[in-house]
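In case you want the letters, here they are:
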Amino acid sequence: MELPFAEPYRIKVVEPLRKSTRAEREDWIIKAQYNLFNLRSDQVFIDLLTDSGTGAMSHLQWAEIMQGDESYAGSLSYFKLRDTINTLLGMPYFLPTHQGRAAENVLFSAMIKAGDIVPGNAHFDTTKGHIEFRNAVAVDCTIEEAQDTTLIHPFKGNLDLEKLEKVLSTNPKEKIPLCLITVTCNTSGGQPVSMENIREVSALCRRYRIPVFFDAARFAENAYFIKVREKGYEHKSIREIVLEMFSYVDGATMSSKKDAIVNIGGFIAMRDKALFDKASTFNIMFEGYLTYGGLAGRDLGALAQGLMEGTEFEYLEARIGQVAFLGKKLTEYGIPIQQPTGGHAVFVDAKKFLSHIPKEELQAQTLAVELYLEGGVRSVEIGTLLADRDPVTRENRYPALELLRLAIPRRAYTNNHMDYVAACLKNIWDRRDSIRKGYRIVSEAPIMRHFTLALEKA
Ligand SMILES: *Cc1c(COP(=O)(O)O)cnc(C)c1O
């Protein structure tokens, strides 16, 4: 008999979860104004809001916490992290930041000015926020295949080279400070970018003398997909693939709360000394001195260790295997999801799930509320609320995809939890026609509204 898959780790510390009744949840969601960000965590049974900072650290990471060097300048934990980034990513310069958006804030302060254009593949929400906040424009050049959730394509995060070249050839070079490749591409469904595409985007941008950066939050998960899906990489190690990926770019912003499996942290990696010097000033202003950047010394050590663990094949196989496990269950139940499943999350196609609810009534958010009521599972809307208003016209942007994201924290839940989540969605799927109304916005912030907005029943 072939031996079944089992996780390459065991559990040393457990944290009890509180179950609630439907009546309690009905009360709590009204008080939260139908915004799941407003819930207290003990009102949630299984929390799939995000995979960001929610992973379980290893014993070796906790050991790093104890060994943290809290010196203001020249902390040994900093040097440990610097050496790891040098060898793992091949990047000579780096700045620590307290998380990914802080890395964006620092790097973009050094690179982006009003009127600029930043092409990329479906920029992440905070990334787009930091671009638009500077009165610059993020241009989405993702391949069209990403819009069709039923289409099986191995690299739905890829950039369309024609779309990109159009941006590069029709705008003056001075207006394009960088091109941003998000690996994996969260907004299009946790979908990877192929090595071939990274190489071609890099070559195209080099021809136009435009620097290329990774939004690298899930670079290791992207490397896993390259290994298992792209010809020529099946015998390479994850770390060899990572090194090659980074060899094509000029730098990266990193949210370490994702693939570095820490609860807080981020960094900017760069090749150019002049850019490093320019960004250093902003880092000191916004984040902290160059050798701690808004983090404690112990955080830097845990981050360095997490980067090593996050790039182990066995770990990634278990991680991405669990996401695929949930995706398979939902598919068996006939529930429409983004195919194939991505690296960190399963994305339910809410437009198909609740096709009888008009888009103005926020299909994905409606499904998120239903899932919470059904079983205390918290998920997140990746749709109209996240897409925000057009910065110029202030009209709602209705994206091609209305998705409900089930983000799986790293090493935190078991497949029994996944079975539970799948059963909740199955129950909703069976009674979907009885959901007659969605929601409408009562109040919202001018930018990144999804975090704080209030809703009411439509
Ligand atoms: C999480 C994330 C960010 C922002 O990082 P934070 O650590 O949440 O500030 C940026 N880009 C991508 C792709 C992300 O997943």
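Structure shown above.
To start, this report covers the structure provided alongside it. Model, not experiment: these values are computed from the prediction. (Residues numbered from 1 in each chain as written. Predicted model: local features only at pLDDT ≥ 70, side-chain atom pairs only at ≥ 80, totals over all residues. Heavy atoms only, no water.)

1. So, the overall build of the protein chain
Selection rule: Only runs of H or I of at least four residues qualify as helices and only runs of E of at least two qualify as strands under DSSP, and these elements are numbered from the N terminus. With the radius of gyration taken over C-alpha atoms, the globule rule is written as 2.2 Å times the number of residues to the power 0.38. Per-residue accessibility, obtained with a 1.4 Å probe over protein chains only, is compared with the maximum for each type, and a residue is labelled buried under 20%, exposed over 50%, and partly exposed between these values. Only heavy atoms matter for contacts: two residues are in contact if any of them lie within 4.5 Å across the pair. Here the open area of atoms and residues is found with the Shrake-Rupley method and a 1.4 Å probe, where only the protein chains shown may cover a residue.
Counting its secondary structure elements, the protein chain contains 16 helices and 14 strands. In summary, the protein chain has a C-alpha radius of gyration of 21 Å against a globular reference of 23 Å for 458 residues, a match within 12%. Seen through its C-alpha atoms, the protein chain measures out along the principal axes to roughly 60 × 55 × 45 Å. Looking at the protein chain residue by residue over its 458 residues, the buried ones come to 57%. Restricting the contact set of the protein chain to residue pairs at least 6 apart, pairs at least 24 apart contribute 73%. Entry remark: accessible area of the protein chain is about 19,000 Å², with carbon and sulfur atoms responsible for 54%.

2. Topic: the nonpolar core
For soluble globular proteins, the rule of thumb is that nonpolar side chains tend to be buried together. What counts here: The definition of a nonpolar core used throughout is a set of buried Ala, Val, Leu, Ile, Met, Phe, Trp, Tyr and Cys residues joined through side-chain atoms within 4.5 Å. For each domain, the first and last residues come from an automatic or database assignment.
By size, the foremost hydrophobic cluster in this structure holds 60 residues, and its most contacted members are Phe214, Phe219, Met245 and Phe246. Ranked by residues supplied to this core, first place goes to helix H8 (residues 219-229) with 6 residues. Counting contributing residues, this core receives three or more from each of domain 1 (22-51 + 313-457) and domain 2 (59-310). Contact partners of phenylalanine 219, with chain neighbours within four places excluded, come to Leu89, Val183, Val242, Met245, Phe246, Met254, Asp259, Leu307 and Thr311. Core analysis: the next-biggest nonpolar cluster, separate from the first, contains 46 residues, Ile46, Leu354, Ala364 and Met418 among them.

3. Quick look at the pattern of salt bridges
Selection criterion: Salt bridge, as applied in this entry: a Lys or Arg side-chain nitrogen positioned within 4 Å of an Asp or Glu carboxyl oxygen.
Enumeration over the complete set of coordinates arrives at 32 salt bridges. Glutamate 64 is paired through a salt bridge with lysine 80; the nearest N and O atoms lie 3.0 Å apart. In this pair, glutamate 64 sits in helix H2 (residues 59-67) while lysine 80 sits in helix H3 (residues 76-89), placing the two residues 16 residues apart along the sequence. On the basis of relative accessible area, glutamate 64 is assigned to the buried category, the value being 11%.

4. Side note on the sheet that holds strand E9 (residues 345-349)
The condition is simple: Any two strands with at least two DSSP-identified bridges between them are counted as paired. Axes, fitted as lines to C-alpha atoms, cover a helix only where it is in contact. Angles between the N-to-C directions of the axes lie from 0 to 180 degrees.
The strand order across the open sheet formed by 3 strands is E9-E12-E11, and the pairing between neighbours is antiparallel. A strand with exactly one partner marks an edge of an open sheet, and here the two such strands are E9 and strand E11 (380-382). Strand-to-strand twist in this sheet, taken as the mean axis angle between neighbours without regard to direction, amounts to 35 degrees. Examined bridge by bridge, E11 and strand E12 (residues 403-407) share 3 bridges and lie antiparallel to one another. The residue bridging glutamate 381 from the neighbouring strand is leucine 404, located in E12.

5. Points about the site of the ligand
Quick note on the threshold: It suffices for a single heavy atom of a residue to lie within 4 Å of a molecule or strand for the residue to be listed as near it. Pairs of N or O atoms within 3.5 Å make up the polar contacts considered here, provided that, within protein, one atom can donate a hydrogen while the other can accept it, and that residues adjacent in sequence are counted only when both atoms are side-chain atoms. Each residue gets one label: Ala, Val, Leu, Ile, Met, Phe, Trp, Tyr, Cys and Pro are nonpolar, Asp, Glu, Lys and Arg are charged, and the others, such as Gly, are polar.
In the region of the ligand, 15 residues are neighbours, and Gln99, Arg101, Asp215, Ser255 and Lys258 sit closest. At a separation of 2.7 Å, an oxygen atom of the ligand approaches a polar side-chain atom of serine 255. For the ligand, whose unbound accessible area comes to 380 Å², protein coverage reaches 98%. Listed by contribution, the elements that provide at least two residues to the shell around the ligand are helix H4 (100-111) and helix H5 (125-133). With 3 residues, H4 is the largest single contributor of residues to the shell around the ligand. Here the residues of the shell around the ligand sort into 2 nonpolar, 7 polar and 6 charged.

6. Quick word on the environment of alanine 458
Mapped onto the elements of the fold, alanine 458 is located in the segment after strand E14 (454-457). Residue class for alanine 458 comes out partly exposed when judged on its relative accessible area of 22%. As for alanine 458 and methionine 66, which are separated by 392 residues in sequence, their C-alpha atoms are 51 Å apart. Apart from residues lying up to four places away in sequence, alanine 458 is in contact with Glu361, Lys437, Gly438, Tyr439 and Arg440.

7. Points about unusual backbone geometry
The amide bond that connects valine 183 to the next residue, threonine 184, takes the cis arrangement and shows omega of -25 degrees. Tracing the sequence through the fold places threonine 184 in the loop between strand E5 (179-182) and helix H7 (195-207). The omega angle of the peptide bond from glutamine 339 to proline 340 is -15 degrees, so this bond is cis rather than trans. Within the secondary structure, proline 340 is located in the loop between helix H12 (313-332) and E9. In this structure, methionine 448 takes a positive phi of about 50 degrees despite not being glycine. Following the sequence through the fold, methionine 448 ends up in the loop between strand E13 (439-443) and E14.

8. Let's talk about the packing of aromatic side chains
The test is simple: Within 6.5 Å between ring centres, the rings of Phe, Tyr and Trp (the latter by its six-membered ring) count as paired, and their orientation is classed by plane angle as stacked under 30 degrees, edge-to-face over 60, tilted in between.
The tally for this structure, following the rule as stated, stands at 15 aromatic pairs. Taken together, a centroid distance of 6.2 Å and an interplanar angle of 85 degrees make the contact between phenylalanine 94 and phenylalanine 267 edge-to-face. Residue phenylalanine 94 is located in strand E2 (residues 93-97), and its partner phenylalanine 267 is located in strand E8 (residues 266-270); the two are separated by 173 residues in the primary sequence. With a relative accessible area of 3%, phenylalanine 94 lands in the buried category. A relative accessible area of 1% means that phenylalanine 267 is categorised as buried. Here tyrosine 224 and phenylalanine 313 contribute two aromatic rings whose centre-to-centre distance is 5.7 Å and whose plane-to-plane angle is 25 degrees, an arrangement assigned as stacked. In this pair, tyrosine 224 is assigned in helix H8 and phenylalanine 313 in helix H12, connecting sequence segments 89 residues apart. In this structure an aromatic cluster arises from ring pairing among Tyr78, Phe79, Phe94 and Phe267.

9. Focus: the packing of helix H14 (residues 363-375) against helix H16 (residues 415-430)
The condition that has to hold: Orientation categories follow fixed angle ranges, with anything under 35 degrees roughly parallel, anything over 145 roughly antiparallel, 65 to 115 roughly perpendicular, and all other angles oblique. When the near helix sits turned anticlockwise from the far one by under a right angle, the crossing is termed left-handed; a clockwise turn instead gives a right-handed crossing.
The geometry of H14 relative to H16 is characterised by a closest axis approach of 9 Å and an angle of 115 degrees between their N-to-C directions. In terms of axis orientation, H14 runs roughly perpendicular to H16. The chirality of how H14 crosses H16 is right-handed. For the pair H14 and H16, contact is made by Leu367, Glu370, Leu371, Glu374 and Gly375 and by Tyr420, Cys424, Leu425, Asn427 and Ile428, respectively.

10. Observations regarding the layout of surface pockets
Rule in force here: A cavity, in this analysis, means grid points on a 1 Å lattice covering only the protein atoms where a 1.4 Å probe fits yet has no way out; a pocket is instead an open set bounded by protein on both sides within 12 Å along at least five of seven lines, and a residue lines either one if it has an atom within 4 Å of a point. Grid points are joined across faces, edges and corners, and a volume is the space filled by probe spheres set on the points.
By volume, the largest pocket is sized at about 1,500 Å³. Surrounding the largest pocket, 38 residues form its lining, Val13, Gly55, Ala56, Arg411 and Ala412 being those nearest its centre. Looking at the lining of the largest pocket, the elements that each hand over two or more residues are H2 and H12. Classifying every residue of the lining of the largest pocket by side-chain character gives 17 nonpolar, 9 polar and 12 charged. In this structure, the lining of the largest pocket is formed jointly by two domains, domain 1 (22-51 + 313-457) and domain 2 (59-310), each of which donates at least three residues. Counted as a void, the second largest pocket has a volume near 680 Å³. Mapped by element, the contributors of at least two residues to the lining of the second largest pocket are H5, strand E4 (137-140) and helix H15 (384-387). Counting residues per element, the lining of the second largest pocket draws most heavily on H5, at 5 residues. Inspection of the lining of the second largest pocket shows a minimum of three residues originating in each of domain 1 (22-51 + 313-457) and domain 2 (59-310).

On their own, these measurements won't tell you what the molecule is for.
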